[in-house]
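# Structural overview
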Amino acid sequence: MAKIIPLADARIVHGASVPAPHAAASFAPTGVLADTRGRALRDLRVSVTDRCNFRCVYCMPKDVYGHDYPFLPHAELLTFEEIARLARVFKAHGVEKIRLTGGEPLLRRHLERLVAMLSDIGGLDLTLTTNGALLAKKARELKDAGLNRVTVSLDALDDGVFRAMNDVDFPVSRVLDGIEAAAAAGLAPIKINVVVKRGVNDSEILPMARHFRNSGHILRFIEYMDVGHTNGWRLDDVVPSAEIIRIVGHEFPLEPIGANYPGEVAERWRYLDSDDAEAGEIGVISSVTQAFCKDCTRARLATDGKLYTCLFATQGYDLRALLRGSSADEEIINYLAAIWSQRADRYSEIRSERTAALPKIEMSYIGG
Ligand code: SF4
C-alpha cells in the first residue's frame, strides 16, 4: 500500500503555508471518508476555466480587474484527461456528483468531450452551472455527451438590472432561450440561481417568481456572499432569505417542504395557492443567515488543479503537481484522504465583516 505523498512536494499555498495533513497511514478507500466534523465527501465542483464573458459584481468585478485580469495560461489548466483521472480518484472516496463550473464553463472548448469522459466513468451525477449565454448552442451536445442537468445563473429579467448585476451588455432573452433549449434537450429539472443584492436586483424577486412559476424550472434565491476578495461585500447588501420568502409569499402563499436529500443547501418552499403541481417550488440558499456548514460535503477543484475544501478557503492543495509528477492513483487517493480527514471548514458559521476582509480565493477561479 502506498504512503502519503510528502506534502512539501504536494501542497500549494497562496502566500501561506498549509498545515501538513496527518500522515494517515495507507488508506484503502471504502467509500466512507469523514472529516473532523463527520462530514462525508460527496460532491466535487470542477472549475474548467477561470475565464468568463460576464463580470458579475459578486464574482469577477470589472472595476477591480479592468482589462488586466490575469487569466491562467492554457498550459496551467488541468487537461480533460487529468480531470477525468481525478474524478475516478474522488469517486473512490464516495463522490457521487460532479458539477462543472468556472468562470463560465461553456467557454472551455469542446467541453462535451470532458462530459463524455466523465460519463464513461459511470455512477456519477453530472451537472453544470452556466450563465446561459452559450447554452442554446450547446445544450443538445452536452445532453448527448451524458450531462444530466444544468443550473443557470440569472440575476434579473430586466435588461438594465441584469446589466447592473452582471456588468455586461447581453439581452436576458438570450439566457431565457438557453434555458428553453436546455429544457428541450432534457437537461431537467433546471435550476435558476438568483444572487440577490440589496438595492441592485431585489426589485426583481417578485418578477422572477411570477415568470418562473408554472415553468417547471426551480427558482432559487441566494443570499449575497463575501466570496473572493474583491466584491466589496457588506452585511447591509444581504437580503435575508426570510425577507425573500415574505416578499414572494405576499403574492403567492408558500409552505416549506422537506429536503430532497440530506445536506441539500436550498431550503424548499411550495406554492400553496394552486392544485397544479406545475406551479412548482422555489428555494432559498441562506449561506449568510443560516449557515449550513454542518452538512457541507463539497470539495472544489480549481482550474489549475488546486483542491479547496471550502468556498471561502484561503489556501489549497496542488493535485496537478501529483498528476504531472510520477504519483500513482493510489498515492493521490491517500493524499486526498489525508486532506479530507483533517478538514474542519465552517466559514459561514463564523462569518463577520472581519473575516470578509480575509484574502480568500476568487470564485471565478475556485468555482461557485
Ligand atoms: S462556508 Fe465552506 S464549509 Fe461552510 S457550507 Fe460553505 S463551502 Fe461548506
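A brief look at the structure comes next. (Residues numbered from 1 in each chain as written. Predicted model: local features only at pLDDT ≥ 70, side-chain atom pairs only at ≥ 80, totals over all residues. Heavy atoms only, no water.)

### Comments concerning the site of the ligand
Cut-off, in case you're wondering: Near is defined per residue: the residue qualifies when any heavy atom it owns lies within 4 Å of the molecule or strand. Only runs of H or I of at least four residues qualify as helices and only runs of E of at least two qualify as strands under DSSP, and these elements are numbered from the N terminus. Note on residue categories: nonpolar means Ala, Val, Leu, Ile, Met, Phe, Trp, Tyr, Cys or Pro, charged means Asp, Glu, Lys or Arg, and polar means any other residue, Gly included.
Around the ligand, a shell composed of Phe292, Cys293, Cys296, Arg298, Arg300, Cys310, Leu311, Phe312, Arg343, Asp345, Tyr347 and Ser348 is seen. Looking at the shell around the ligand, the elements that each hand over two or more residues are strand E11 (298–301) and helix H12 (347–350). Its residues assigned to classes, the shell around the ligand shows seven nonpolar, one polar and four charged.

### What to know about the pattern of salt bridges
As a reminder of what qualifies: A side-chain nitrogen of Lys or Arg and a carboxyl oxygen of Asp or Glu constitute a salt bridge if their distance falls within 4 Å. Burial classes: relative accessible area under 20% of the type maximum marks a residue as buried, over 50% as exposed, and values in between as partly exposed (1.4 Å probe, protein chains only).
Per the stated rule, a full pass over the model turns up 23 salt bridges. The salt bridge involving lysine 138 is made with glutamate 112; its shortest N-O contact spans 3.0 Å. One end of the pair, lysine 138, is in helix H5 (residues 135–145); the other, glutamate 112, is in helix H4 (residues 111–121), and 26 residues separate them in sequence. Like glutamate 112, lysine 138 is buried.

### Concerning the packing of aromatic side chains
Rule in force here: Note on aromatic pairs: the rings of Phe, Tyr and Trp (six-membered ring only in Trp) are paired at centre separations within 6.5 Å, and the planes decide the class, stacked below 30 degrees, edge-to-face beyond 60, tilted for the rest.
As enumerated under the stated definition, the model contains five aromatic pairs in all. Judged by centre distance (5.5 Å) and plane angle (55 degrees), the ring pair of phenylalanine 54 and phenylalanine 170 falls under tilted. Of this pair, phenylalanine 54 sits in the loop between strand E2 (43–47) and helix H2 (62–65) while phenylalanine 170 is found in the loop between helix H6 (159–166) and helix H7 (172–185), placing the two residues 116 residues apart along the sequence. The exposure class of phenylalanine 170 is buried, given its relative accessible area of 13%.

### Quick look at the side chain of lysine 197
The criterion, for reference: Neither His nor the chain ends is counted toward charge; the positive residues are Lys and Arg and the negative residues Asp and Glu. For this analysis, residues touch if any pair of their heavy atoms sits within 4.5 Å.
Examined against the element boundaries, lysine 197 turns out to sit in the loop between strand E6 (191–196) and helix H8 (205–212). With no salt bridge to any partner, buried lysine 197 finds its closest opposite charge in aspartate 237, at an N-O distance of 4.5 Å. Look past the residues within four positions of lysine 197 in its chain and what remains in contact with it is Val57, Met165, Asp202, Tyr224, Asp237 and Val239.

### A short note on unusual backbone geometry
The linkage connecting glycine 102 with the following residue, glycine 103, adopts the cis geometry, with an omega of 20 degrees. Inspection of the secondary structure assignment puts glycine 103 in the loop between strand E3 (97–101) and H4. In this model, alanine 188 is joined to proline 189 through a cis peptide bond whose omega is 0 degrees. Mapped onto the fold, proline 189 is located in the loop between H7 and E6. Positive phi is not limited to glycine here, since histidine 110 has a value of about 60 degrees. Here histidine 110 is to be found in the loop between E3 and H4. By relative accessible area, which is 30% here, histidine 110 ends up partly exposed. Of note in this structure, asparagine 214 is not a glycine but carries a positive phi near 70 degrees.

Function-wise, these values are silent; they only describe arrangement.
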